[in-house]
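The chain contents come next:
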Amino acid sequence: MGLLLNHSPRVEHWIAVALFTLQLVWGYAFTSVTPPFEGPDEGLHYHHIVLIVQNKGLPSPEAVPIRHPPLYYVLSAFLIADLPVSDYQAPANPFAVYDNSTPAFDNRNITAFTQADLQAGDVLALKRVRLLSVLFGATAVVFVFFSARLVFRDDNLLSMAVAILVSSFPPFSWITSMVNNDSLAILMGSVLTWASLRGVNLGTSRKGALLLGILAGLGMMTKFSLWLFMPALLVLILLNSLRTGLKGIIMSSSLFIGGLLSVSAWWFVRNGLLMPQLAGPEQLRWLGPIRWQARPPSSTLLSVALNQLTGVWDRYGYQVELPAYAEWVGIALVLIAVAGLLVRVRRDGLRMDWRKPAFWVAIIAILNLSSGLYAVWISRDGGQGRFLYPAGVTSFAILLVLGWSQLQPLHPRQPHVLNIVGAIASLSFLSFMCIYRPAYAPPRLYRPEQLPSGMEPINASFGDVAVLLGASVRPIRAAPGDSVVVTACWQPLRQEQDAQIVEQVEILDNDLSVVASRFTLPGLGRYSSADWRPGQVFCDEISVRIPPQAAAQNQYRVAIQLAGLRAERGGKTLDPLIVGSFSIPPRITSLPRQAIPCEARSGDIALLGYTVTRPPSSPSTVQVGLYWRALVTPSASYHVFVHLLDSSGDLITQSDGIPGNGRYPTSLWGNGEIIEDRHDLTVSDAAALRTGQLLVGMYEYPSGQRLPATGEQTQDNAIRLSPLGQAPS
């Protein structure tokens, strides 16, 4: 610790080397576990690079898939110019991100990439360009450290905290380990932040103004979002030139603008000549993402803006998100930092001193947030936190650490800041290991005799493609809106190169009508059928959302198949192939008011009450409603009988069957549940409607042995209800 508190340049440089090395390792970890083309628009960025290699120069603006400035793509093309690359574009995964509430490993990949599709030259080219992005990210962390030292007056510990915080943001290492121009844009943003803060501390000479202009031009040639540095840098140069008089102001400003234009002007001139419609400000729609079709309400804009802000720390990209609590923890830490900054303002007063680096950090952060809000305003795709990274990640991290450091007396002020940053870094590592890495890892492979426990044997074959060895469904009791997880263990028989095999899971009602369905590629998108290893078994845990309108007090079956293929077992076709079931328990929690209370039992099942009605629209129909409660969980599926007897005790009509209209057998009842069981009796004899007697109870099926009836009004192991003539109409 004492060594880190040493302010000598040698210590500073060793810290920078350590940060650079650690970020290289951290970035390489990301690039090594992420399949090709899973980064943000990685396929489009790679295609742009390939076009430069194939054309041996910049392609026409109309030919490129993403019309960003060319610096990143030119550098990348130079790196892979010796390789035989193709214009391969990975097909999209049509089932990506089925539901964000599902586990992080469920179809989080956005492409249906297969190893067999990619040529060796493209594999090596992707690795090289990704490593170039990792190099940019590691260099950016170093400049973040040096920028923080200018704010914290050479405090190595707080400056290290800022650099580690930036590295710990999930999107940072994710972006800077993929083929994406944001990696170079983040580096240029950190360099421009460092250059502006250095200009605040040391002033800007004419040579410095020229160098700032060149750096700004390089930033412009990387990504247009770095435009926001231009006004801040120009104002800084003007303020630093005030003491040199009007001539000095004009000279420094001209050198800055000249350096800027010398690097970037040719790009706009070229676009104007090749595509005149791109020359005017009104025609720069291609700079932005997808627009709003119609201006949304303010609540929607606020939601998108909040999503953009929390996206700075709570997700890796479009598809891999951290748990919901990460968002709220991040918001809490931001609010703590804001409170700390307010404490500092209250202590020191709100003095707009442009000669303090912290003032310029705040200006850069405000400009970046403003540009982010503008992106939200003009575009429905603008609420992505990664859009704030190129220009703002350095300033945001510095302000966070500055705010946290104000909530403790000045000496020592590092420990609690280091504790916060250390906790964030630890959570970042855990999220990588437990969330991000599993999102792209292929499923575990088993030998056929090593299936996970709890699997019901299925052994159904789907042609010569695969065999479903076993399956399970959990939970066995659910609620509308919940998810049911189907585990299916497959043994591939061969690789399928020509077409993607698709798994289909269906939730079926009692009449086999489809209530909900789900499609997925094998391995939940992580194990293409072209990469299968015949004979090796893999198991998929497929989550299917139960519709909110699904009926309660009902049993549902779960079927699974490979789309387009029939399941067979023992020479018989199984359509559908039922692999399990689950039930939705009843919603009723107490006896309805209109029910007549009853204190009787049929076996271990109590009859709490009943209703007997004759609807005016159907005078020959008697509707009997029974309200049962299981005193213990039933061990078998009993049938209910409702018998109508005449005055002599002879049977007139009856209704027998599984409770709940055949939908909710007693074997599914939970201890203490109240089950509503309705029966309709048709009676043609008018006298029976006046004098008939109702007997109800339960019996074992198929033996017909009645369960013993106990309690009031029982006879012959049946429960006697009120005489039919006394039932309300």
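Residues numbered from 1 in each chain as written. Predicted model: local features only at pLDDT ≥ 70, side-chain atom pairs only at ≥ 80, totals over all residues. Heavy atoms only, no water.

**Some details on the overall build of the protein chain**
1) Next: Check the secondary structure of the protein chain and you find 17 helices and 21 strands.
2) Next: By residue count, 52% of the 729 residues in the protein chain fall in the buried class.
3) Next: Excluding contacts between residues fewer than 6 apart, the proportion of contacts in the protein chain whose partners are at least 24 apart in sequence is 73%.
4) Next: About 32600 Å² of surface is accessible on the protein chain, with carbon and sulfur atoms providing 59% of the total. (Helix = DSSP H or I, 4+ residues; strand = E, 2+ residues; numbered from the N terminus. Buried < 20%, exposed > 50% of the residue type's maximum accessible area, 1.4 Å probe, protein only. Contact = heavy atoms within 4.5 Å. Areas by Shrake-Rupley, 256 points an atom, 1.4 Å probe, with all protein chains shown as cover.)

**Some details on the side chain of D677**
1) Next: Residue placement: D677 occurs in strand β17 (residues 674–682).
2) Next: Although D677 lies buried, it forms no salt bridge, and the closest oppositely charged side chain, R678, sits 8.7 Å away as judged by the N-O distance.
3) Next: Within the structure, the side chain of D677 is placed 3.0 Å from the backbone nitrogen of G660, a separation counted as a polar contact.
4) Next: Setting aside residues no more than four positions away along its own chain, D677 makes contact with V624, G625, L626, W628, V640, P659, G660 and N661. (Lys, Arg positive; Asp, Glu negative; His and termini not counted. Salt bridge = Lys/Arg side-chain N within 4 Å of Asp/Glu carboxyl O. Polar contact = N/O pair within 3.5 Å; in protein donor to acceptor, adjacent residues only side chain to side chain.)

**Comments concerning the pairing of strand β4 (residues 483–492)**
1) Next: Along β4, nine of the ten residues are buried, which leaves the element largely enclosed by surrounding structure.
2) Next: Examined bridge by bridge, strand β3 (residues 466–474) and β4 share eight bridges and lie antiparallel to one another. Note that in β4 the partner of G470 across the bridge is C489.
3) Next: With eight bridges connecting them, β4 and strand β7 (residues 537–545) associate as antiparallel partners. Bridge pairing in β7 places V486 opposite I542. (Pairing = 2+ DSSP bridges.)

**Here's the deal with the nonpolar core**
1) Next: Residues F152, L165, F229, W404 and Y436 are the most contacted members of the largest nonpolar core, which totals 109 residues.
2) Next: Ranked by the residues each element gives to this core, the list is headed by helix α5 (residues 120–151), at 14 residues.
3) Next: In this structure, Y436 is in contact with F30, V33, T34, W174, M178, Y316, V320 and S431, ignoring residues within four places of it in sequence.
4) Next: Counting residues in hydrophobic clusters, the runner-up holds 35 residues, among them I458, V484, Y527 and W532. (Core = buried A, V, L, I, M, F, W, Y, C linked by side-chain atoms within 4.5 Å.)

**Notes on the state of the cysteines**
1) Next: Within this structure, the stated rule accounts for one disulfide.
2) Next: Paired through a disulfide, C489 and C539 show a sulfur-sulfur distance of 2.1 Å. Negative torsions about the S-S bond denote left-handed disulfides, and the value of about 105 degrees found for C489 with C539 makes this one right-handed. Residue C489 is found in strand β4, and its partner C539 is found in strand β7; the two are separated by 50 residues along the sequence. In this structure, C489 and C539 share a single accessibility class: buried. (Disulfide = S-S within 2.5 Å.)

**Here's the deal with α5**
1) Next: Along its 32 residues, α5 runs 47 Å from first to last C-alpha, staying within 8% of the 46 Å computed at 1.5 Å per residue.
2) Next: Taking burial as the measure, the 32 residues of α5 include 23 buried ones, the bulk of the element.
3) Next: In the segment just after α5, R153 is the residue with positive phi, at about 55 degrees. (Expected span 1.5 Å × (residues − 1).)

**Side note on the packing of helix α3 (residues 42–55) against α5**
1) Next: For the pair α3 and α5, interaxial distance at closest approach is 12 Å and the crossing angle is 100 degrees. With respect to each other, α3 and α5 are oriented roughly perpendicular. Between α3 and α5, the residues in contact are E42, Y46 and I49 and D122, A125, L126, V129 and R130, respectively.
2) Next: Of the residues belonging to the contact of α3 with α5, the class tally is five nonpolar, no polar and three charged. (Axes fitted to C-alpha atoms, helices over the stretch in contact; angles between N-to-C directions. Parallel < 35°, antiparallel > 145°, perpendicular 65-115°, else oblique. Nonpolar A, V, L, I, M, F, W, Y, C, P; charged D, E, K, R; others polar.)

**Examining the sheet that holds strand β14 (residues 621–630)**
1) Next: Overall, antiparallel pairing links the five strands, which are arranged β17-β14-β13-β12-β19 in an open sheet. In this open sheet, the two strands that pair with only one neighbour each are β17 and β19 (709–711). Averaged over all pairs of adjacent strands, the angle between strand axes in this sheet comes to 35 degrees, irrespective of strand direction.

**Section: the pattern of salt bridges**
1) Next: Tallied over the entire structure, the rule returns twelve salt bridges.
2) Next: Close ionic contact of D182 with K223 constitutes a salt bridge, the shortest N to O distance being 2.3 Å. You can see D182 sitting in helix α8 (residues 182–202) and its partner K223 sitting in the loop between α9 (206–220) and α10 (229–240), a full 41 residues away along the chain. Here D182 matches K223 in class, with each residue buried.
3) Next: The closest approach of N and O atoms between R678 and E676, which form a salt bridge, is 2.8 Å.

**Some words on the packing of aromatic side chains**
1) Next: Counted according to the given criterion, the structure contains 21 aromatic pairs.
2) Next: Judged by centre distance (5.5 Å) and plane angle (20 degrees), the ring pair of Y556 and F582 falls under stacked. A residue pair is termed long-range when its members are at least 10 positions apart, and Y556 in strand β8 (residues 554–562) and F582 in strand β11 (residues 578–584) qualify at 26 residues. Pair check on accessibility: Y556 and F582 agree, each one buried.
3) Next: Every member of this aromatic cluster is reached through a ring pair, and the members are W26, F30, F429, F432, Y436 and Y440. (Phe/Tyr/Trp six-rings, centres within 6.5 Å; stacked < 30°, edge-to-face > 60°.)

**Description of unusual backbone geometry**
1) Next: Omega for the peptide link from R474 to P475 comes to -5 degrees, which places this bond in the cis form.
2) Next: Along the chain, P475 falls in the loop between β3 and β4.
3) Next: The backbone of F37 sits at a positive phi, close to 70 degrees, despite the residue not being glycine.
4) Next: Phi at L512 takes a positive value of approximately 70 degrees, unusual for a residue other than glycine.

**A short note on the sheet that holds strand β1 (residues 445–446)**
1) Next: Spatial ordering of the open sheet is given by β1-β7-β4-β3-β2-β9-β10, a layout of seven strands whose pairing is antiparallel. Sheet topology places β1 and β10 (572–574) at the edges, where each strand pairs with a single neighbour.
2) Next: Sheet topology note: the strand β2 (residues 456–462)/strand β9 (residues 567–569) ladder contains two bridges and is antiparallel. If you follow F462 over to β9, its bridge partner there is A567.

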